[in-house]
Amino acid sequence: MTYQLSKSQKEIQKAVKEFAKGEFDNDLAYELDKNQEFPKKIWKKAAELGFIGMHFPEKYSGGDLDMLDNVLLAEEFCRKDSTIGSALMLSGFASECLLRFGSNELKEVYLPKVAEGKMLSGAAFAEPNTGYNLNPISTTALKDGDKWIIDGEKSFVLNAGVAGFYCVLCRTNIDKGANLILVEGKSKGIDVVDSGEKLGLRMTATTDLIFHDVQVPIGNLIGKEGNGFKQVQTFMDESCILIASLALGTAQGAFDRALDYVKQREQFGKKIVLFQVTQHKLADMATKIEQARSLTYNAALAFDAGKLDTKLACMAKMVASRAAVEVASEAIQLLGGYGYMTEYEIERFYRDAKNMEILGRNPGHLKDLISRSVVGRIK
Ligand SMILES: Cc1cc2nc3c(=O)[nH]c(=O)nc-3n(C[C@H](O)[C@H](O)[C@H](O)COP(=O)(O)OP(=O)(O)OC[C@H]3O[C@@H](n4cnc5c(N)ncnc54)[C@H](O)[C@@H]3O)c2cc1C
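Residues numbered from 1 in each chain as written. Predicted model: local features only at pLDDT ≥ 70, side-chain atom pairs only at ≥ 80, totals over all residues. Heavy atoms only, no water.

The subject of this paragraph is a nonpolar patch on the surface. A cluster of nonpolar side chains, Val374, Val375 and Ile378, forms an exposed patch at the surface whose accessible area comes to about 330 Å². Residue position: valine 375 is located in helix α12 (residues 363-375). On the basis of relative accessibility, which here comes to 53%, the residue valine 375 falls in the exposed class. (Patch = residues over 30% accessible without salt bridge, like charges linked within 9 Å, V, L, I, M, F, W, Y side chains within 5 Å. Areas by Shrake-Rupley, 256 points an atom, 1.4 Å probe, with all protein chains shown as cover. Salt bridge = Lys/Arg side-chain N within 4 Å of Asp/Glu carboxyl O. Helix = DSSP H or I, 4+ residues; strand = E, 2+ residues; numbered from the N terminus. Buried < 20%, exposed > 50% of the residue type's maximum accessible area, 1.4 Å probe, protein only.)

Where strand β2 (residues 140-144) and strand β3 (residues 147-158) come together, 5 bridges link them in antiparallel fashion. Within β3, the position partnered with aspartate 144 by the bridge is lysine 147. In this structure, the hairpin formed by β2 and β3 is closed by a connection of 2 residues, where glycine 145 is found at a positive phi of approximately 65°. Sheet topology note: the β3/strand β7 (residues 206-217) ladder contains 9 bridges and is antiparallel. Bridge assignment links glutamate 153 to a residue of β7, and that residue is isoleucine 210. (Pairing = 2+ DSSP bridges.)

A few words now on the environment of glutamine 291. Turning to its location among the elements, glutamine 291 is positioned in helix α9 (residues 276-304). Judged by relative accessible area, which is 43%, glutamine 291 ranks as partly exposed. Along the backbone, glutamine 291 and lysine 354 are 63 residues apart, and their C-alpha atoms lie at a distance of 18 Å.

The local shell around the ligand holds 15 residues, among which Ala123, Ala126, Phe156, Leu158 and Asn355 are the closest. Within the residue set of the shell around the ligand, elements represented by two or more residues are β3 and α11 (346-358). At 3 residues, β3 tops the list of elements feeding residues into the shell around the ligand. Class assignment for the residues of the shell around the ligand results in 10 nonpolar, 4 polar and 1 charged. (Near = heavy atom within 4 Å. Nonpolar A, V, L, I, M, F, W, Y, C, P; charged D, E, K, R; others polar.)

Going through the model one piece at a time under the given rule, you end up with 26 salt bridges. Two residues, glutamate 345 and arginine 257, come together in a salt bridge whose shortest N-O distance is 2.9 Å. Note that glutamate 345 is positioned in the loop between α10 (310-335) and α11 and arginine 257 in helix α8 (residues 228-264), a separation of 88 residues in sequence. In this pair, the class of glutamate 345 matches that of arginine 257, namely buried. In this structure, a network of salt bridges that share partners links the residues Lys288, Arg322, Glu326, Lys354 and Glu357.

Function-wise, these values are silent; they only describe arrangement.
Structure (structure tokens):
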């Protein structure tokens, strides 16, 4: 599959670029990153302009746009600033679980708040002892009249402590598998446990949550009872495309900065871009970025054509997140000592890139899923 951006997609790209240029400030980013603070003002402005939940239907305050449009948005945001861009694009993390599987009542209440920049959301799937296949889940949701009573512990929840709601993966009983249940962030009985400082994505909170007898209306079940694992896998496939686009923008942003630098810096009497070794490094970096872009756009195009292709989405995430780590690392090297300093930003891109390899699905898990599709059934 090849891609050719439409006129409206080019216009989206241009509008996002202008917004990011005007709002994403290097000094502010430095402060927010240092203090692990969410870029609240920028998020509000982005929502006002329709950049949050752009892929939601208009009736939920979205822009009714495609996955590829959202990918272009994420790419441009992270190209300008990987940490601010990621914080904005992950502000409604897991709201797609609601969008794809939730009841109309739940969607009407929560999705407009996400798109309008009034509410963050989070995915509470992982637990301290679950494997990457999210098994065994020990958080329980027991039916009690018209309520669910939730008990358990979730780890590494994005936007935890500040989210308006979480999509929580719970076990009701062994026969019925797992359920996804919407739990409001302000519900009584939720403890937010500080999980300490992290390397990258420092403008997005990541903490553990403990649920003690948290009572939730029975109607907060997302989708059909017993379908929780299936829904989470579908969401993870979709979020592989989103994370790939964050990584793609991060790689491109690190490359842009390195290219600018080597065109200006002189050593041994000439600009360092004129050394063949520098040019070969740039060629390798550009190739990795283009591979990441092709896979990410193609995974998005398949989604927009009605096929959420697990293999393609996993390949996009694996290639783009690796490209982000390698390109950002090489970009630091091209700047030498300056690359290591916060002022030149690339060290922050590098720290963020590493998280993109872990968040959602790690490379081992991605390879398991890709190889399952490539090998097929063995007789
Ligand atoms: C910043 C951040 C944000 C996150 N946000 C969320 C979130 O919002 N919601 C959420 O639910 N989770 C979230 N996570 C959790 C994330 O999805 C998990 O950390 C990730 O899936 C890996 O799981 P783990 O940390 O338990 O590692 P483990 O599963 O313990 O794996 C550790 C290592 O062992 C390897 N390994 C594990 N199993 C196997 C195997 N069977 N075969 C071979 N190798 C194996 C892995 O490749 C990995 O290198 C977040 C994590 C981070 C760091």
